[in-house]
Amino acid sequence: MTNASGLPKLAAVLGIAVFAILPTAGLPAFYESFFYLVFFWVSLSTSWALLSGFAGYFSLGHAAFFGVGMYTTATLTTKFEVPFLATIPAAAALAALLGIGIGAVVFRVRRLRGELFALLTLAVTFVIATIILNTPIDGGAGVFMISVPMPAIMSSQTGTIYVLGFAMCMLTLAIAWWVAHSRLGMGLFAIHDDEDVAEAKGVPTFRYKIVAFALSAGIAGAVGGIHAMYVGFLTVGGTFELTVPLYVVLMSVLGGSRHWFGPAVGATVITALLYAFISGGEAMIGRALVGAILIIAILWLPDGVVPAVQKWLRRRRVAPAGATSTTTPAEPVPVEPAPAKPVGVRNILEARAVAKRFGGLQALDGVDLDVREGEILGLVGPNGSGKTTLINVISGHFPLTSGAIAVDGVQIGHLPAHEIAGRGVARTYQIPRPFANMTVLDNVTLAATFGGPARPAAEMRDEAVHWIGFTGLAGKEAALPAELNLHERKFLELARALAARPKLLLLDEVLSGLNPAEIDNAIRLVRAIRAQGATIVFVEHLMRAVVELSDRVAVLNEGKLFALGAPREVMRDPRVISIYLGKAYAA
């Protein structure tokens, strides 16, 4: 088993070694140019995937950064006589700065996602192309680079271009691999699936998107700098043409844009097809094959070739009896009834005059509320009374209109959601919102990684495994959320929240949609959580659970705190009965 698992790594090392020494084999210039173009498209499509594939911000403006890199190298070499190799870092830096500048504006506007982001990046391409065309950078005549000296890395110019393209390709793939296996990559994948939930779980979404944009644009700029030397003559029309982003998107989607190696596979296949048929009628055959492959990929391989192959291999792989795993499987954790710890005197949550307005709708109107350490506070009220809105403003999903919120004495009312999560606030969602493309284990590990204290990766994974077992999901670690039923998805929400080791746990209708047996199990689970010293705000419509679990109950009505006190006293209050059932029942 060990030998078999090492074969892909051995094949990769041998492949890299072969391509590294290939220019010394005396190949004809045509083949060196062909391999360079493969490296070129692999680098460009992989750089696109860092933002658009990993984080889900679909861009049609990749030609802008590629073009900036090309014209940076052309301008520095022809007008300022800067050595060619020295211009490549400058091309990468300028393109990265452009990406950072765009991201710093666009990523602050929540509605600029999806197709709006794609159209905006396309518009940026046209703007940059127009500026370059109408300034001395190009001026409409194009830029000749024939006289720029080529560094003598190899004996021929095509050999030198091959080496530069190969080095750029290897660097790009190394960066993509590192991102995919790092904390940054985990955060980007979460942003791709549900950006708002990722922020609430502690992912610094704005900063991570800026980093991804800078990497994506910077690599494209460096690729453009090398490619400028390859083409020798630059024109705005040829540099900023729409086919560049379209081919990049096609290559990434075909191979699998969420996998670090997927775009490389797609780029290799499509480049081979495009350049295998290079004469008149044959060129049309190549384009037709590319179109057919795209149709097939969309219909039968929506996630791309590499993810499809991985799924197929996972289905075929049967672990031998003595196989070991890097992650200890979760085991069911018995939920033992335990006496609750006494409620403390220190306030974990303090809300003062909390108000939230949506246009002309006053969702919260001057709510004052304290929650003591170790307490379970039931939060009830009719539909539309402001319960979930209060959870949302405490967790940072919505900004406060006015008022103040403090957790453990620290003001959090105007902090972004990821900082609030980092200060010990975790929440569940009324309708479960797991990260759809992450396994159960990865969902919970992400919450432990970003929401809890900094720990080694192995320890955070063990923490995730513990809470998976605690919530009754043992054996489901490798399952995707779509494979779980509602009860299991609800408990996955709870496991994610617990993995962050929160000071304050916000539970938003975790019992809704469950059958009586599942409700009893959930009640025992909440009691066990409380017995470990957790402080809980518990939004629920099931009054039996509210009365059994809560130390105190707060009733909201029309955005205001309507009643507060012991559960049985509050629920017998005629005023509370009237807002639920009407005055006739209250009488």
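Residues numbered from 1 in each chain as written. Predicted model: local features only at pLDDT ≥ 70, side-chain atom pairs only at ≥ 80, totals over all residues. Heavy atoms only, no water.

Draft legend 1. Highlighting the pairing of strand S11 (residues 552–557). Within S11, six of the six residues are buried, which leaves the element mostly enclosed by the surrounding structure. Residues Arg552, Ala554 and Leu556 line one face of S11 and the alternating positions Val553, Val555 and Asn557 line the opposite face, and both faces are buried. Hairpin connection of S11 to strand S12 (residues 560–565): two residues between the antiparallel strands, including glutamate 558 at a positive phi of 55°. (Buried < 20%, exposed > 50% of the residue type's maximum accessible area, 1.4 Å probe, protein only. Helix = DSSP H or I, 4+ residues; strand = E, 2+ residues; numbered from the N terminus. Pairing = 2+ DSSP bridges.)

Draft legend 2. Up close: the sheet that holds strand S7 (residues 410–411). Strand order in the open sheet formed by four strands is S4-S3-S6-S7, and the pairing between neighbours is antiparallel. Every other strand in the sheet has two partners, leaving strand S4 (361–372) and S7 as the edge strands with one partner each. Note that strand S3 (residues 347–358) and S4 share nine bridges and pair antiparallel. Bridge pairing in S4 places phenylalanine 358 opposite leucine 361. Sheet strands touched by helix H15 (residues 387–395): S3, S4 and strand S6 (402–407). Its angle to S3, the strand with the most contacts, is close to 110°. (Contact = heavy atoms within 4.5 Å. Axes fitted to C-alpha atoms, helices over the stretch in contact; angles between N-to-C directions.)

Draft legend 3. Local environment of the pattern of salt bridges. Applying the stated criterion across every chain, the model contains 24 salt bridges. With a shortest N-O distance of 3.2 Å, lysine 503 and aspartate 408 are connected by a salt bridge. On the criterion of sequence distance, the pair formed by lysine 503 in the loop between helix H19 (486–499) and strand S9 (504–508) and aspartate 408 in the loop between S6 and S7 is long-range, its members being 95 residues apart. Its relative accessible area of 39% is what places lysine 503 among the partly exposed residues. (Salt bridge = Lys/Arg side-chain N within 4 Å of Asp/Glu carboxyl O.)

Draft legend 4. Spotlight on the sheet that holds S12. One open sheet accounts for six strands, arranged S8-S9-S10-S5-S11-S12; its pairing is mixed. Since the sheet does not close on itself, it has two edges, and those belong to strand S8 (425–427) and S12, each with one partner. Each adjacent strand pair in this sheet contributes to an overall mean axis angle of 20°, direction not counted. In this structure, strand S5 (residues 376–380) lies alongside strand S10 (residues 535–539), joined through four bridges in parallel fashion. Counted as the bridge partner of leucine 377 is valine 537 from S10.

Draft legend 5. Spotlight on the layout of surface pockets. As a volume, the second largest pocket reaches approximately 570 Å³. Forming the boundary of the second largest pocket are 29 residues, of which Arg110, Glu199, Thr205, Pro416 and Ala417 lie nearest the centre. Secondary-structure elements contributing two or more residues to the lining of the second largest pocket are helix H8 (195–200), helix H9 (205–231) and helix H16 (417–422). Taken together, the residues of the lining of the second largest pocket sort by class into 15 nonpolar, six polar and eight charged. (1 Å grid on protein atoms, 1.4 Å probe; cavity = no way out; pocket = protein on both sides within 12 Å on 5 of 7 lines; lining within 4 Å. Points joined across faces, edges and corners; volume = space filled by probe spheres on them. Nonpolar A, V, L, I, M, F, W, Y, C, P; charged D, E, K, R; others polar.)

Draft legend 6. Structural detail: a nonpolar patch on the surface. On the surface, a cluster of nonpolar side chains totalling about 650 Å² of accessible area is made up of Leu294, Ile295, Ile296, Ile298, Leu299 and Trp300. As for its placement among the helices and strands, leucine 299 is situated in helix H13 (residues 280–300). (Patch = residues over 30% accessible without salt bridge, like charges linked within 9 Å, V, L, I, M, F, W, Y side chains within 5 Å. Areas by Shrake-Rupley, 256 points an atom, 1.4 Å probe, with all protein chains shown as cover.)

Draft legend 7. Region of interest: the confidence of the model for the protein chain. Considering every residue of the protein chain, the mean pLDDT works out to 90; 93% of them sit at 70 or more. The element-level mean pLDDT for the protein chain is lowest in helix H24 (residues 583–586), coming to 48, with H9 highest at 98. In this model residues 319–325 is a low-confidence stretch, pLDDT under 50, and it forms zero contacts with partners more than four residues away in sequence or in other chains. (pLDDT = per-residue confidence, 0-100.)

Draft legend 8. View of the packing of aromatic side chains. Scanning the model with the defined rule gives 27 aromatic pairs in all. Judged by centre distance (5.9 Å) and plane angle (20°), the ring pair of phenylalanine 107 and phenylalanine 117 falls under stacked. Here the residue phenylalanine 107 occupies a position in the loop between helix H4 (84–106) and helix H5 (115–133), and phenylalanine 117 occupies one in helix H5, the gap between them amounting to ten residues. Residue class for phenylalanine 107 comes out buried when judged on its relative accessible area of 8%. Take phenylalanine 117: its relative accessible area is 0%, and that puts it in the buried class. Over the ring of tyrosine 429 we find arginine 433; its NZ or CZ atom is 5.0 Å from the centre of that ring. (Phe/Tyr/Trp six-rings, centres within 6.5 Å; stacked < 30°, edge-to-face > 60°. Lys NZ or Arg CZ within 6 Å of the ring centre and 35° of its normal.)

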